[in-house]
Every structure is written in structure tokens, then in C-alpha cells.
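Report on the structure
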Amino acid sequence: MTTLARTLHGLRLRARERWSLLVLLATWLVLAVGAATPTAFDEGSPALAASLMVFAATLVRALARELRPNAATYSQTHELELGLLIITGTYLLIAVTGGLASPAHPLVYALASFLLLLHRARWIAGVWLASIALLEVAVGWSSGHDSGARIAFHLSYIAFFAAGNLLILGALVRRLRGEHAQRLADELTHIRQEARDFRLVAAAAPRKSRDAEEAQLTQSAVHAIHEQVAFSLELIRGDLELHTCALLWMSEEELVLKRAASAGAALVGAPELANPGVLAGLLRNPRTLVLKNMSEKHLPPYYGAPVAVTDLCAVPLVRGERLLGVLCADRIDARPFTAAEQDKLTAAAQHVLRTVDHERAFITAMRSRYEHEQLYRASELLSGALGLEALYGKSFEAIRAIAPYDLAAISTYDEHAEAHRVLAVDVPGDRDPNHGAGWRSIAESLRDRVFEHGSGLVAMATKNRHFMPAADERVEPETVVFDVHTRLRPAQSVLVLPLLHGEKVLGTLTLAAARERQFPRATREILRVLSHQLSVGLQNARMYRAMEERATTDGLTGLTNHRAFQERLAQIHALAERTGRNFSLILTDIDHFKKVNDTYGHPIGDAVLKRVAAVFAGRARKVDIVARYGGEEFVLVLPDTDAEGAAIFANKLREEVAAQTMTSDQGPFAVTISMGVAEYPTDGHATAELIERADQALYHCKHNGRNCVTRASQLA
């Protein structure tokens, strides 16, 4: 039982779910005992009574949990548990009413079909079917000499009902779900089209990171427009005693029926109108159209069946020189429209335009607020980045919130060398693996790439100090962005922004996307502001790095200075204490360095220090510490290296330094070094003790011929 409980715990089930499954397994065990002992399910049997009581309590608790108003969110384990409870209860009923010959056994067939229809995960359906098969065998085993044949017969029926569910009911459910999904997609497409008709959104698809917010805004705006227009049309129809008052709108150069209030039912079934009909002249010359004594041959285009329309007044909705729509009013009682009524219809048309304008202004304000919030957030992100790597990461994060992209690159520009260098490249991590493979390949080809200041978009943006291309237009696959050797062929939208600091161009920010019109004008302006902040951040990060290097680096040799060495040594020492690993420390200085200064002068002495430092830095690993300890002394710390390995490494450094040829006005010369090695924890536990032991080994070298390596463990 303990092993079983641990197994259930490994399935990450909560305590009450593990308890329910244990009860089910115990009930199945009772059923198995009943199969071996036919009297186990006789009336009054203790086993039967106990299993029924435990099962009933478990079922009531599970149902009470599912029916609670504040029930927890849907869980697959809840579904699995409830299904197993129903299956077990059914077989308990069958077991006490005659086994496989029970009149209640057909419930199993209905149960198999019902449960397979409702499952949300296929593995749950598999567990249910396996449970039914196991319980079928357990209950039917003691039914008589022909129990095996009867079990096989019943299992075939269960399989038939399960297969029928999957083939028939499952196909029906999938079809209904598909139809529902298609209706939902059509409705969303219709809302987006109406939003574009009313100029609530741009022609381009909404950006991915704002799809939900964009859909909610446009949907609520479209509904608000329809509600107000419907109310206005109904009000006008009643006030002017019209037969129909309809609003037609220009959608992609075609008239569509947006809304109508009518006393009849002869309106067209679809919004699209076959042709403008009597409104053709108004479309060419947007002026109020008044028709009298009309015949059925000249009906307004929004009717799908003959209507005895006698009078029509059509008022164009115009903004500037653009025709947006037409407000139509008609009668069937031969009453021409008076001048006062025409004025009312004109006022109503203007009210419809104001309604659309108000919703458009609201959405524009909401978009502007969103963009300004993102810009403010981006400013906060950039202001908190001190290091260059942190700046790159936060810049990409901020830009993604404003203008999602498939690839972004930050490059620097050296005006003296007339060359660009790519500093950082980003491909969003949530990208589909198949979709993003090409972008990741391009990103790898761009990392640390250096290219000349040529004729690509990056060079043009740098030269003109203005984003490129100038308009949000589709770029050709062969467009040169960086250089001719790197093309962004998957990109249909590209934006290159110069990073300006005063009059100086620090570099560029390049964005690319596979979707067209991904960087419209409004987005470009926001990104242009963000690029200025990025420029300031880039300059600040460079200054911070320079100050950090001055604070931690020796000005002459470029190695770690003494203070920074002590800090890093303390970190390595603390890590070694925690992990039990070793490290070695090498202390060295240049033999007879005072003589070099006295003979060749201090400038030559400085050159010698630089050359020796370069040898040490060139041979060291990234994890090693190479520092100038003071004067002509240097110190190296080698993590995960014992004294023997450090001595071998020290001898290689000694030989390489001795092979260097130094130049001076008095001719070439060479220098040698002496080195002392100490190992943690063999030669000492404290850092001061290690340095002391290495210094003693170095002192031993100085008094025993110099140009050698001595380990602290070799000292007497």
C-alpha cells in the first residue's frame, strides 16, 4: 500500500484525489474476491456491505465537490475520478443483481458510449475503457462454466459501442465543434471588416501582442456604433413615417447594408449588395438624391424582393471628398419628401458620422494610452540597465511590447573605420520552431558581424540620420539591409532606426518581420523616441563599463588590479569552501626588474610589464584570475587546479616569457620570471595564508637561481 501511495503521489494528485483512487482500487479488490468466492456478494455479506458503504461515501463526496458553487477549476484528475466512480458503481450494481446475467448489464454499453462522448483527454478515455474491461472480467469470472465465452461476448459488445461512439457520435461532435469554430471565426472576421469600414482600425492585421485588446476594443466599438445607429434609424423611421430607413456603407469600394429599420421583411439577406441600382448616380456625384413616383423596376438596392416603394431620399455621408456611406429613407404611400424632412435626414446622417468619429476617437485614445504606457515602461526598463548585456535584453523586451518583430539587431558604427558591428541579435523565444528556424539562422549569421559602410538600409539610416525605409512599404527579398552577404529574405517589413547621441551616430536598431505593414507611421514615431532613449542608455552603459574597468583594471597592463583581485579571490575561496573543490595560486615577479629600469629606462620597463602581462592573459582561461599584484609582481588564480597542474602551467608561462625578445635603443634583450605556487586547501585554508605560502615559494626561487617554479609543498 505504501508503494502504491508513493506511485499516486508521483502523479502529482492532491490528497483527496489519491484517497478516492485508493478507495476505488479497494472496491475493485472486493469485486475480485467476489469473483473467486461466489458467496461474497450474497445478501447480508459483510464484504458487500463494507464496499457499498465506502463507495457510497466516496461518490457522495465527489458529487458534492463537483456541485459546489465555488468548485475549483476543471481538472483532468477530477474527470478521471468521477468516471471511475460511475463505472465502479455500475459494476457493484451488476455484481449484486446476478453478475453478467444481471438485467442491469446493458447499462455498461450505454456507459461506455456516454463516457467516451464526454471525455476531454484521450488518455482518460483509455483508462475508463481499461477499467470497464477489468471489472467485466472480475465480475464475470464466477458466473459459471461458460463465463469465459460470455465475458468475451460482452467485451465485444462494449468494443462495438465504443467504436460506434468514436465513429458516429465523435464525428458529429467534431463537426458541430468545427461549425461553431467557423461561425466564431466568421463573426470575428465580420467585426474586423466593419471596424475597417468605420476606420476604427488600420488595414493591417492587429499586432500579435495586442490581439486580445484590439479585438475587445473594436468589438465594443462596432457594437456601440450599431446600437446607436439602430436607435437613430428607428427614431427617424417613426418620426418621418417611413417604410424603411437604411444605412449603407462603402466597404472596399462596394456598398453594403450596415443597418436598417423597416416595416417589411423584404430586405436583402446578406449585407453585400448586388449593385447600387438607383444610387449609382449618387456614388459618382455625392449629393442628396430625391426620387418620386418610383416603380418596382427601380427599387433601392437594399431590397431583395419587390416592394411598392414610391418615394426615396438618399443622403450621402461625406468626409472631405470621400464618400463613406449613404443614409436612405423610403415610403410606399406616395408622399414626397419635403425640404424640412430632407434637412432632418441630413442632420441624421451627420449624427451617424459623429457616432463613428466618437468611437474612432475613443479607440485612438485607448491605443495612444497603451502605446504611451509601453513607452513609459520601456523608459523604466532602459533607465535601470547599467551593463551593456542588460541594456540589450531590456531594449528588446521593451520594443517587443510596442512593435512585435521576428528579428531585431543592435549595431554600432565606427565613423573613423567606416564600419558597422552587430552587438546583439534577438529572435523572440515564443516563435514556432518551424516558423522561427529561418530567422534563427539569419541571427546566427549576424552575431558579431562586422560590415563596411555601404549602400544598405543600415548605412542609409546612419548617413541620413533618419529611419529607413521612409514609408511602411513591403520590402523586396533582395533588399540590402546590412550588406550583400546577409539578406533578410523572409522579411516583408523592415525598419532601421539610427541611434543618435547629439550629432553623433552611435549605431542602428534594425527590426524585421514576416508580416506586411508591421511598423506603421505611429509605431515608427514611438520607436524613434525609444531609439533616442536607447542611444542614451547605450552611451551610459559604455561610460559605466569604462568606469568599472578603470575601477577594476590596472591602467598599464590591462589586467585586474589588486583591489579587484582580492574581491574575486574571496569569491573563489568561498565557492571552494562550499563545494570542497581546490584551486591554486601562483605568485610571480620579473627577475632583476630594477636593473631593466636602470639600464633601459622606465618606458622600456613599462613595455616589459605589458609584454609579460599579455603572455599571462593570452594563456589563461576565462575562469582564471590574472592580476597585477604590485610593481613587477603578478598573481594568477587557477580554479579546479591542483599544485602539480599549476606548476606545469607556470613553467609554460616561464618558458614563453623567456622566449620573448624585448627591444630598446641599446639593443634587444630578454627577461625571466620566478614563480611560487600554493594550493587550497593543501597549503592553507585562508586566502592570506595561501598568498603567504606562495610568496615563500617565490622567495625560495629568488635565492636559488631565479627563472624557476617552486611549489609550497616542496619547502622544508
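Everything numeric in this text was worked out from a predicted model, so none of it was measured. (Residues numbered from 1 in each chain as written. Predicted model: local features only at pLDDT ≥ 70, side-chain atom pairs only at ≥ 80, totals over all residues. Heavy atoms only, no water.)

**Here's the deal with the pairing of strand β6 (residues 407-414)**
The element β6 is extensively covered by neighbouring structure, given that seven of its eight residues are classed as buried. Note that β6 and strand β12 (residues 504-513) share six bridges and pair antiparallel. Counterpart to A408 in the pairing with β12 is L511. Sheet analysis places β6 next to strand β7 (residues 419-426), joined by seven bridges and oriented antiparallel. Residue pairing in the sheet places Y413 in a bridge with H420 of β7. (Buried < 20%, exposed > 50% of the residue type's maximum accessible area, 1.4 Å probe, protein only. Helix = DSSP H or I, 4+ residues; strand = E, 2+ residues; numbered from the N terminus. Pairing = 2+ DSSP bridges.)

**Concerning the side chain of R524**
Position of R524 relative to the elements: it lies in helix α14 (residues 521-552). For R524, the side chain forms a polar contact with the main-chain oxygen of P469, separated by 2.5 Å. Separated by 2.8 Å, the side chain of R524 and the backbone oxygen of F519 make a polar contact. Look past the residues within four positions of R524 in its chain and what remains in contact with it is F467, P469, A470, A471, D472, V494, L495, L497 and F519. (Polar contact = N/O pair within 3.5 Å; in protein donor to acceptor, adjacent residues only side chain to side chain. Contact = heavy atoms within 4.5 Å.)

**Considering helix α18 (residues 643-658)**
Compared with an ideal rise of 1.5 Å per residue, which puts 16 residues at 22 Å, α18 spans 22 Å between its outermost C-alpha atoms and is within 8% of the ideal. By the burial criterion, the buried members of α18 are A643, A646, A647, F649, A650, L653, R654 and V657. Viewed along the axis of α18, the buried residues span an arc of 165°, placing them on a single side of the element. Among the structural elements, β13 (583-590), α17 (602-619), β15 (633-639), β16 (673-680) and β17 (709-711) are those in contact with the buried residues of α18. (Expected span 1.5 Å × (residues − 1). Arc of directions from axis to C-beta.)

**Here we look at the confidence of the model for the chain**
For the chain, the mean per-residue pLDDT works out to 80, and 76% of the residues sit at or above 70. For residues 1-16, every residue scores under 50 in pLDDT, and the model assigns this stretch 18 contacts once sequence neighbours within four places are set aside. For the stretch residues 202-209, pLDDT sits under 50, and the model shows 21 contacts to residues farther than four places along the chain or on other chains. (pLDDT = per-residue confidence, 0-100.)

**Quick word on the sheet that holds strand β11 (residues 493-501)**
Pairing between the strands of a sheet comes from backbone hydrogen bonds, and it takes one of two forms, parallel or antiparallel. Read across the sheet, five strands follow the order β8-β7-β6-β12-β11 without closing on themselves; strand pairing throughout is antiparallel. The open sheet has two edge strands, β8 (450-452) and β11, and neither has a second partner. Here the strands of the sheet are splayed against their neighbours by 25° on average, with no regard to which way each runs. Across nine bridges, the pairing between β11 and β12 is antiparallel. Counted as the bridge partner of L500 is V505 from β12. Against the sheet, helix α11 (residues 388-402) makes contact with β6, β7 and β12, and its axis sits at roughly 70° relative to β7, the strand it touches most. Packed onto the sheet, helix α13 (residues 457-464) meets β6, β7, β8, β11 and β12 and runs at close to 35° relative to β11. (Axes fitted to C-alpha atoms, helices over the stretch in contact; angles between N-to-C directions.)

**Quick word on the nonpolar core**
Among the nonpolar cores identified, the biggest contains 31 residues, and I586, I590, V608, F616, F634 and V671 are the most heavily contacted of them. Ignoring any residue separated from it by four or fewer positions in sequence, one finds F616 in contact with T588, V626, F634, L636, L653, V657 and I673. The next biggest cluster of nonpolar side chains, apart from the first, holds 25 residues, and it includes L388, I399, F467 and L538. (Core = buried A, V, L, I, M, F, W, Y, C linked by side-chain atoms within 4.5 Å.)

**A look at the side chain of S493**
Along the polypeptide, S493 turns up in strand β11. Within the local environment of S493, its side chain forms a polar contact with the backbone nitrogen of Q518, the two atoms lying 3.2 Å apart. Apart from residues lying up to four places away in sequence, S493 is in contact with V475, L511, A512, A513, R515, E516, R517, Q518 and F519.

**Brief notes about the pattern of salt bridges**
Counted under the stated rule, the structure contains 22 salt bridges. For R400, the salt bridge is made with D426, and the minimal N-O distance between the two is 2.8 Å. Of this pair, R400 sits in helix α11 while D426 sits in strand β7, and the two are 26 residues apart along the sequence. D426 sits in the buried class, given a relative accessible area of 15%. The partner of R619 in a salt bridge is E656, and the shortest N-O contact between them spans 2.6 Å. (Salt bridge = Lys/Arg side-chain N within 4 Å of Asp/Glu carboxyl O.)

**Observations concerning the packing of aromatic side chains**
Enumeration over the complete set of coordinates arrives at six aromatic pairs. When the centroid spacing of 4.9 Å and the interplanar angle of 45° are considered together, the rings of Y302 and Y303 count as tilted. The exposure classification of Y302 matches that of Y303, with both residues buried. Ring geometry for F583 and Y680: centres 5.1 Å apart, planes at 15°, overall stacked. (Phe/Tyr/Trp six-rings, centres within 6.5 Å; stacked < 30°, edge-to-face > 60°.)

**Some details on helix α19 (residues 687-702)**
Look at α19: 23 Å from first C-alpha to last across 16 residues, which is about the 22 Å you get at 1.5 Å a residue. Listed in full, the buried residues belonging to α19 are L690, I691, A694, A697, L698, C701 and K702. Buried residues of α19, seen end-on, are gathered within an arc of 150° and therefore sit on one face of the element. Opposite the packed face of α19, turned more than 90 degrees from it, sit the exposed residues A688 and Y699. On its buried side, α19 packs onto α15 (562-579), β13, β14 (625-630), β15, β16 and β17.

**A look at the UniProt feature "transmembrane region" (unreviewed entry) in the chain**
Feature annotation in UniProt assigns "transmembrane region" (unreviewed entry) to the following positions: residues 21-41, 47-64, 84-101, 121-139 and 151-173. In the segment residues 84-101, helix accounts for 72% and strand for 0%; the C-alpha atoms at its two ends are 22 Å apart. (UniProt positions renumbered as here; feature names shortened; annotations may be inferred.)

**Looking at unusual backbone geometry**
The peptide bond linking M468 to P469 adopts the cis configuration, its omega dihedral lying at -10°. Structurally, the position occupied by P469 is in the loop between α13 and β9 (480-483). With an omega of 5°, the peptide bond running from Y680 to P681 counts as cis. Within the secondary structure, P681 sits in the loop between β16 and α19. In this model, E418 sits at a positive phi of 50°, which is unusual for a non-glycine residue. Looking at the secondary structure, you find E418 in the loop between β6 and β7. Judged by relative accessible area, which is 47%, E418 ranks as partly exposed. Backbone geometry places N707, a non-glycine residue, at a positive phi of 50°.

**Some points on the pairing of β13**
For β13, a buried count of eight out of eight residues is recorded, marking the element as mostly surrounded by other parts of the structure. Alternating residues of β13 divide into F583, L585, L587 and D589 and S584, I586, T588 and I590, and every residue in both groups is buried. The pairing of β13 with β16 spans eight bridges and is classified as antiparallel. Bridged to D589 within β16 is S674.

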